[in-house]
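Residue strings, one per chain:
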Amino acid sequence: MAGEPQADCLFCKIVRGEVPATLVRETETVLAFRDINPQAPTHVLVIPKAHYRDAADLASSAPQLVADVLREAGEVAAEEKTDSTGYRIVFNTGAGAGQTVFHAHAHLLGGRGLEWPPG
Ligand code: AMP
Ligand code: ZN
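None of the values given here were measured: they were computed from a predicted structure.

(A) Representation of the site of ligand 1 within the structure. Lining the immediate surroundings of ligand 1 are 16 residues, of which D35, N92, G98, T100 and H107 lie closest. A distance of 3.0 Å separates an oxygen atom of ligand 1 from a polar backbone atom of V101. Structurally, ligand 1 is housed in the second largest pocket. Breaking the shell around ligand 1 down by element, the ones donating at least two residues are helix 1 (10-16) and strand 2 (30-34). Among the elements that line the shell around ligand 1, the one with the most residues is helix 1, at three residues. Tallied by class, residues from the shell around ligand 1 come to seven nonpolar, seven polar and two charged.

(B) Broad picture of the pairing of strand 3 (residues 42-48). The element strand 3 is extensively covered by neighbouring structure, given that seven of its seven residues are classed as buried. Neither face of strand 3 is left uncovered, since the one carrying T42, V44, V46 and P48 and the one carrying H43, L45 and I47 both have all their residues buried. Bridge analysis of strand 2 against strand 3 gives five bridges, and the strand direction is antiparallel. In the strand pairing of strand 3, V30 is matched with P48. Alignment of strand 3 against strand 5 (residues 106-110), held across five bridges, turns out to be antiparallel. Counted as the bridge partner of V44 is L108 from strand 5.

Thresholds, definitions, all that
- Residues numbered from 1 in each chain as written.
- Chains lettered and ligands numbered in written order.
- Predicted model: local features only at pLDDT ≥ 70, side-chain atom pairs only at ≥ 80, totals over all residues.
- Heavy atoms only, no water.
- Near = heavy atom within 4 Å.
- Polar contact = N/O pair within 3.5 Å; in protein donor to acceptor, adjacent residues only side chain to side chain.
- 1 Å grid on protein atoms, 1.4 Å probe; cavity = no way out; pocket = protein on both sides within 12 Å on 5 of 7 lines; lining within 4 Å.
- Sits in = over half its atoms within 2 Å of the grid points.
- Helix = DSSP H or I, 4+ residues; strand = E, 2+ residues; numbered from the N terminus.
- Nonpolar A, V, L, I, M, F, W, Y, C, P; charged D, E, K, R; others polar.
- Buried < 20%, exposed > 50% of the residue type's maximum accessible area, 1.4 Å probe, protein only.
- Pairing = 2+ DSSP bridges.

Below is the structure:
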C-alpha cells in the first residue's frame, strides 16, 4: 500500500537503519544521504521516509511530502554552498529514465557546471 514500509526496498532499509548510509539531514518525514556513486561533488539523495514508488505517486498520495523533500533539498544545497552557483534537483521516473530504486527520491546535484539538456 502507498506509504507503507516495504521489506525489500533499499531506501526503506536505509530509513530503518538496516543498510548504512552517510546521512546529511534528517527530519520527521525526510532523510537526506550521500549517493554511493556520486555524479557531482555534491550528490545527495533526498527521500520521504514513507515509501512511494516515484515522484508522481508521492505527489498524488502525499503532496505535503513533496514540499518537505524540496525544502530539505534546498537546505542541503545551502549547507553545501551549491545554492550560490546553482544546483539541480532530478527525479528519475521509470526504468527508461534511469530509475533503479523504486522509492521516490530527489537527486540533488551541484558543485560543478551542469549541462543542459542532460543526457
Ligand atoms: P535512480 O537511478 O534515480 O533510481 O537513483 C538511485 C541512486 O541510488 C543511484 O544514484 C545510486 O548510486 C544510489 N544508491 C544505490 N545504492 C545506494 C546506497 N546503498 N546508498 C546510497 N546511494 C545508493
Ligand atoms: Zn521504500
